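Spelled out from the first residue to the last, the chains are:
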Amino acid sequence: MKSLSPQELAASAPAVFAEEAAACTGPKYVFISTREIVRALGEAGFAPTLAVQTRSRRGDADREGHALHMLRFQPVVQSLSLSDVLGEIVLINSHDGRSAYQLRAGLYRPVCTNGLLAAIGDFGLVHVSHRGNVVAGVVEAAQRIAGDFARVGEAVEAMRATVLSQAQQLDFAREALALRYPGQGEPPVQPAQWLERRRLADIGDDVWRTFNAVQEHVLRGGVCGRTATGRAMRTRGIGAIRESVRLNTGLWRLALARIGR
């Protein structure tokens, strides 16, 4: 995947280039521009490939310049040796005091451009507070996560080797629906709809392909359904950073549960 230029980063996530913290932050808050993190990670061998930012309310210029943003980095030298999956470092941050630096292990499937976040036990999520040497802490955490990509690869291979019956696939889809629509009695779509494969690469009965089919339906939306009042509708895609993280990590845990991890 192509590395983003500084101009492309600025267009997608202006907060990356903030020069100071938002006015609402306290005196203990240590401001480090995400731009410095990008530079340091670049020197450590990680290239930015995607950037998104939370939308701000109209007229809230200060929020626009400090909002929650998420960047994906791929190691220049990949250590995850899977045919259709690339390992990533996912950085989440804001400059308004509402979020510490979060680094997560991510996976990227070129076949569907749908990044997913991996968490295996305590692997895959590192918080770095806005105190002390933030740049060094983020780079060290990124290197630690990348060094453990082999564990993600082992989980993916185990998912590929575990076949699910039709009933087990439906159970997976039901749990995914409960995750996507928490507290909602009757979801707008049926579990079987989320098992429909959108691409040839996901045809099969193993955990990995079932997970990827469901994950794409959850994140991209566009599935025909009905509201509680019976009105025809299409499910919405997920654009919010926090909701995307919640669903990605939740779905990954559902898949891990099928291989006993």
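For the structure, see preceding data.
Residues numbered from 1 in each chain as written. Predicted model: local features only at pLDDT ≥ 70, side-chain atom pairs only at ≥ 80, totals over all residues. Heavy atoms only, no water.

A. Layout of the overall build of the chain. Counting its secondary structure elements, the chain contains 8 helices and 8 strands. Expressed as a percentage of its 261 residues, the buried residues of the chain come to 50%. When contacts within the chain are restricted to residue pairs at least 6 apart in sequence, those whose partners lie at least 24 apart make up 64%. As displayed, the chain offers around 12,300 Å² of accessible surface, 52% of which is attributable to carbon and sulfur atoms. (Helix = DSSP H or I, 4+ residues; strand = E, 2+ residues; numbered from the N terminus. Buried < 20%, exposed > 50% of the residue type's maximum accessible area, 1.4 Å probe, protein only. Contact = heavy atoms within 4.5 Å. Areas by Shrake-Rupley, 256 points an atom, 1.4 Å probe, with all protein chains shown as cover.)

B. Region of the structure containing the nonpolar core. In terms of nonpolar packing, the biggest core is built from 60 residues, with Ile89, Leu103, Trp194, Leu251 and Trp252 touching the most fellow members. In terms of residue count, the dominant contributor to this core is helix H4 (residues 134–147) (8 residues). Judged by nonpolar contacts, the second largest core, of 7 residues, contains Met70, Ile92, Ile241 and Val245. (Core = buried A, V, L, I, M, F, W, Y, C linked by side-chain atoms within 4.5 Å.)

C. Summary view of the packing of aromatic side chains. In total, this model carries 3 aromatic pairs according to the counting rule given. Each ring, one from Tyr181 and one from Trp194, has its centre 6.4 Å from the other, and the planes form 25°; the classification is stacked. With Tyr181 in the loop between helix H6 (166–180) and helix H7 (207–220) and Trp194 in the loop between H6 and H7, this pair connects stretches of sequence that are 13 residues apart. The same class applies to Tyr181 and to Trp194, which are both buried. Judged by centre distance (5.8 Å) and plane angle (75°), the ring pair of Phe211 and Trp252 falls under edge-to-face. Of this pair, Phe211 sits in helix H7 while Trp252 is found in helix H8 (residues 241–257), placing the two residues 41 residues apart along the sequence. The same class applies to Phe211 and to Trp252, which are both buried. (Phe/Tyr/Trp six-rings, centres within 6.5 Å; stacked < 30°, edge-to-face > 60°.)

D. View of the pattern of salt bridges. Per the counting criterion, the structure on display carries 14 salt bridges. Arg199 is the partner of Glu216 in a salt bridge, and the nearest nitrogen-oxygen pair spans 2.6 Å. Taken together, the residues Glu216 in helix H7 and Arg199 in the loop between H6 and H7 connect sequence positions 17 residues apart. What emerges from the salt-bridge pattern is a single network uniting Glu36, Arg39 and Glu43. (Salt bridge = Lys/Arg side-chain N within 4 Å of Asp/Glu carboxyl O.)

E. Up close: the packing of helix H2 (residues 34–43) against H4. The interhelical angle for the contact between H2 and H4, taken along N-to-C directions, is 45°, at an axis separation of 10 Å. Relative to H4, H2 is oriented oblique. Both H2 and H4 take part in a crossing whose hand is right-handed. Where H2 abuts H4, its residues Glu36, Ile37, Ala40 and Leu41 lie against Val134, Val135, Val138, Val139 and Ala142. Per-class residue counts for the contact of H2 with H4 are 8 nonpolar, no polar and 1 charged. (Axes fitted to C-alpha atoms, helices over the stretch in contact; angles between N-to-C directions. Parallel < 35°, antiparallel > 145°, perpendicular 65-115°, else oblique. Left-handed = near helix turned anticlockwise from the far one by under 90°. Nonpolar A, V, L, I, M, F, W, Y, C, P; charged D, E, K, R; others polar.)

F. Molecular detail of helix H5 (residues 149–161). With 13 residues, H5 should cover 18 Å at 1.5 Å per step; its first-to-last C-alpha distance of 19 Å lies within 8% of that length. Listed as buried for H5 are Phe149, Val152, Gly153, Ala155, Val156 and Met159. Seen end-on, H5 carries its buried residues on one side only, within an arc spanning 160°. (Expected span 1.5 Å × (residues − 1). Arc of directions from axis to C-beta.)

G. Quick look at H7. With 14 residues, H7 should cover 20 Å at 1.5 Å per step; its first-to-last C-alpha distance of 20 Å lies within 8% of that length. Counting buried positions along H7 yields 12 of 14 residues, so the element is predominantly enclosed. Looking only at H7, the buried set comprises Val207, Trp208, Thr210, Phe211, Asn212, Ala213, Val214, Gln215, Glu216, His217, Val218 and Leu219. Buried residues belonging to H7 abut strand S4 (101–108), strand S5 (116–118), H5, H6 and H8.

H. Representation of the environment of Val126. Along the chain, Val126 falls in strand S6 (residues 125–128). In this structure Val126 comes out as buried when scored by relative accessible area, which is 14%. Non-local contacts of Val126, meaning those with residues more than four positions away in its chain, are made with Tyr101, Gln102, Leu103, Ala141, Arg144 and Ile145.

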